[in-house]
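Observations on chain architecture
Chain by chain, the residues run as shown.
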Amino acid sequence: MDDSRPQLSEGMRGGDSQYGFVGESAERNDRAQEWELHDSKDSTYPYLAHIKALSSTWRTLQHLADWMQVGTSPSRWTNEYKKDSEERARRRAKTNLALVEYAGEATPNVTHISDAGTLKEVLSSFHAVPSETKPLRLFVVEDLSQEVIEQLGSRFDIDPLFFREQIEDYVWHNLGAVSATPAPLLVDMKNRSWFRVRNFRLRHHEEESSFRAARGETRAWNVSRRLDDDMNHWAWAGEDTAIVSMLRTRTTIWVGADGRCGDAPVGVILLDPTVRNGKPLWYDRANWLPVPSMASTSSPHPPTSSSWYTTILTLTRLYPWFESPSPTPLSPHVIAKPALYTIAAEWLLVADYVKGRLSQIERELELPHIFRTRSDTIDASLARLHTWRRALPTFIEMLQETLEFSLPAASRLTHPLQRSGTGGAGLPALPRNIHFADGPRGSSF
């Protein structure tokens, strides 16, 4: 290997340092044989075997197969990790999810599942019941693992691209990155039984040590996410040591039917974890739940946790938020709305923050005699402005994708019509009155 190439930091490499570099071929390297599960058979890992069989045609699925066998991103396959059998076992079996089950009424039964064995038992317990009202089951999943993908994927025959979409997040890829995924065609997106929503999350750290500890937390996740310093602290506001971190976040939602239970509706939501170090900005996201009156005999229990997973799970349990609490058939919108509303509230928080930072830069340029000394130069203001010059196009791309594709997909997939078949078969077609260029017209979201 050419030692004359520039030495990049871990953050600049984006986690692909073991898996390729600019100019190298986007092929699996020789180390892939070290994690290959040669003893895997259809009876042991049927979903993994299915993914491997598809990977020769849908080539990006090879990376998902490698991810499952490693237990996390293949770029983390080092000599130290290879020798640490306990860590590999922990990552492969990591399970943190909740089953939200509705059986005819709006009050759900929530089952928390923290190990792969319990998940297998719960899935095995599902069976068809002679009832006019089919149960609606929703799995809310934090992080991912080999076991969770294998069990949910094989039980509901889920499109493997659904899981492939969630395991990593990059704005761009090196030429040699095997994690690269080509953009899908519109016709493909309109016929999927799943969709993704991307957004940013912000967190305030009073000291750099808190930021570094939070970045260390993300390395313990199985999904690959990178915590970035926004490089915009403002000394005039007493922020000499403070850091605001930015985290690109993915939420991926699958909607289908359980063929083994009379085509009962089922959904899976994949969520990113939340770092414990640092704290939310201001008062965190807005609480849109109705404020109870003084005459109210009972008050709602709004989410108070900054955890992404806990917040969305709580809002799912409390849905519907604006209707009478009397027992009524629940709309399938419960699968998507809690996550979508939470993401929308987070975007409003991000917008306020960006507006504040740009206003600070504007004041520095407008009033240099107040905000700069003779030793200061305009370069410091321009360096902070460059953060938003780079980030805002990504913000806009995420929002456009949500408005033009994700919301219409959510409306289509959760339309309260009878479904048939498994894996999303029989879902209603995309409404013709949706115009992608102008946003999700006709969408109830």
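See the structure printed just above.
Summarised in this report is the structure supplied together with it. (Residues numbered from 1 in each chain as written. Predicted model: local features only at pLDDT ≥ 70, side-chain atom pairs only at ≥ 80, totals over all residues. Heavy atoms only, no water.)

**Describing the overall build of the protein**
Each helix and strand counted, the protein has 15 helices and seven strands in total. Going through the 445 residues of the protein one by one, you find that 48% of them count as buried. Surface summary for the protein: the accessible area is close to 22,300 Å², and the carbon and sulfur share equals 54%. (Helix = DSSP H or I, 4+ residues; strand = E, 2+ residues; numbered from the N terminus. Buried < 20%, exposed > 50% of the residue type's maximum accessible area, 1.4 Å probe, protein only. Areas by Shrake-Rupley, 256 points an atom, 1.4 Å probe, with all protein chains shown as cover.)

**Describing the side chain of Thr 72**
Positionally, Thr 72 belongs in the loop between helix H4 (61-70) and helix H5 (79-83). Overall, the relative accessible area of 0% leaves Thr 72 in the buried class. A distance of 2.6 Å separates the side chain of Thr 72 from the side chain of Arg 76, its partner in a polar contact. In this structure Thr 72 touches Trp 67, Tyr 81, Arg 91, Trp 221 and Asn 222, once residues within four positions along its chain are discounted. (Polar contact = N/O pair within 3.5 Å; in protein donor to acceptor, adjacent residues only side chain to side chain. Contact = heavy atoms within 4.5 Å.)

**Remarks on the packing of aromatic side chains**
Throughout the structure, instances matching the rule amount to 16 aromatic pairs. Ring plane angle 90° and centroid distance 5.0 Å describe the contact between Tyr 319 and Trp 321, whose orientation is recorded as edge-to-face. The burial state of Tyr 319 is the same as that of Trp 321; both residues are buried. A centroid spacing of 6.0 Å and a plane angle of 80° characterise the contact between Trp 321 and Phe 322, whose relative ring orientation is edge-to-face. In this structure Phe 322 comes out as exposed when scored by relative accessible area, which is 51%. Following the ring pairs from residue to residue traces out a cluster consisting of Trp 288, Tyr 319, Trp 321, Phe 322 and Tyr 341. Here the guanidinium or amino end of Arg 137 rests over the ring plane of Phe 126, the centre of that ring lying 3.9 Å away. (Phe/Tyr/Trp six-rings, centres within 6.5 Å; stacked < 30°, edge-to-face > 60°. Lys NZ or Arg CZ within 6 Å of the ring centre and 35° of its normal.)

**Some remarks on a nonpolar patch on the surface**
There is a patch of nonpolar side chains on the surface, built from Leu 358, Leu 365, Ile 378, Leu 382 and Leu 385 and spanning about 360 Å² of accessible area. Looking at the nonpolar patch, the elements with two or more residues in it are helix H13 (337-366) and helix H15 (379-413). Here Leu 385 lies in helix H15. By relative accessible area, Leu 385 is classed as partly exposed at 34%. (Patch = residues over 30% accessible without salt bridge, like charges linked within 9 Å, V, L, I, M, F, W, Y side chains within 5 Å. Salt bridge = Lys/Arg side-chain N within 4 Å of Asp/Glu carboxyl O.)

**Some words on the pairing of strand E1 (residues 97-102)**
Counting buried positions along E1 gives five out of six residues, so the element sits mostly inside the fold. When E1 meets strand E2 (residues 109-113), the two strands line up antiparallel, connected through five bridges. Looking at the pairing, Ala 98 lines up with His 112 of E2. Across six bridges, E1 lies against strand E3 (residues 136-142) in antiparallel orientation. Opposite Tyr 102, over in E3, you have Leu 136 as the bridge partner. (Pairing = 2+ DSSP bridges.)

**Examining the environment of Ser 193**
Considering the arrangement of structural elements, one finds Ser 193 in the loop between helix H10 (186-190) and strand E4 (194-205). In the structure, Ser 193 is positioned 34 residues away from Asp 159 in sequence and 8.0 Å away in space, judged by C-alpha atoms. At 3.1 Å, the side chain of Ser 193 forms a polar contact with the side chain of Trp 254.

**Looking at the pattern of salt bridges**
For side chains bearing opposite charge, pairing can occur when the charged atoms are close. In total, this model carries 26 salt bridges according to the counting rule given. Arg 250 serves as the salt-bridge partner of Asp 169, at 2.6 Å between the closest nitrogen and oxygen. Here Asp 169 is found in the loop between helix H9 (160-166) and H10, whereas its partner Arg 250 is found in strand E6 (residues 243-258), with 81 residues between them in sequence. With relative accessibility at 5%, the residue Asp 169 sits in the buried group. Look at the salt bridges and you will find they share partners, linking Glu 165, Asp 169, Arg 196, Arg 198, Arg 248, Arg 250, Glu 397 and Glu 401 into a network.

**Comments concerning the environment of Leu 144**
One can find Leu 144 in the loop between E3 and helix H8 (146-156). When its relative accessible area of 2% is taken as the criterion, Leu 144 is described as buried. Taking the C-alpha atoms as reference, Leu 144 lies 9.7 Å from Pro 273; in sequence the two are 129 residues apart. The residues contacting Leu 144, other than those within four sequence positions of it, are Trp 67, Ile 149, Phe 163, Gln 166, Ile 167, Asn 222, Val 223 and Leu 270.

**Re the nonpolar core**
With 44 residues, the main nonpolar core has Phe 195, Ile 253, Trp 388 and Phe 395 as its most contacted residues. Of all the secondary-structure elements, those providing two or more residues to this core are E1, E3, E4, E6, strand E7 (264-271), helix H12 (308-318), H13 and H15. If we ignore the near neighbours within four places in the chain, the residues touching Ile 253 are Phe 162, Ser 193, Trp 194, Phe 195, Val 268, Ile 269, Ile 335, Ala 336 and Ala 339. Within the second largest apolar cluster, 43 residues are counted, among which are Leu 48, Leu 97, Ile 113 and Val 141. (Core = buried A, V, L, I, M, F, W, Y, C linked by side-chain atoms within 4.5 Å.)

**Let's talk about the packing of helix H7 (residues 116-125) against H8**
Between H7 and H8, whose axes approach to 10 Å, the crossing angle comes to 10°. Put simply, H7 runs roughly parallel to H8. Taken together, the residues of H8 that come into contact with H7 (itself represented by Ala 116, Leu 119, Lys 120 and Leu 123) are Glu 147, Val 148, Gln 151, Leu 152, Arg 155 and Phe 156. When its residues are assigned to classes, the contact of H7 with H8 shows six nonpolar, one polar and three charged. (Axes fitted to C-alpha atoms, helices over the stretch in contact; angles between N-to-C directions. Parallel < 35°, antiparallel > 145°, perpendicular 65-115°, else oblique. Nonpolar A, V, L, I, M, F, W, Y, C, P; charged D, E, K, R; others polar.)

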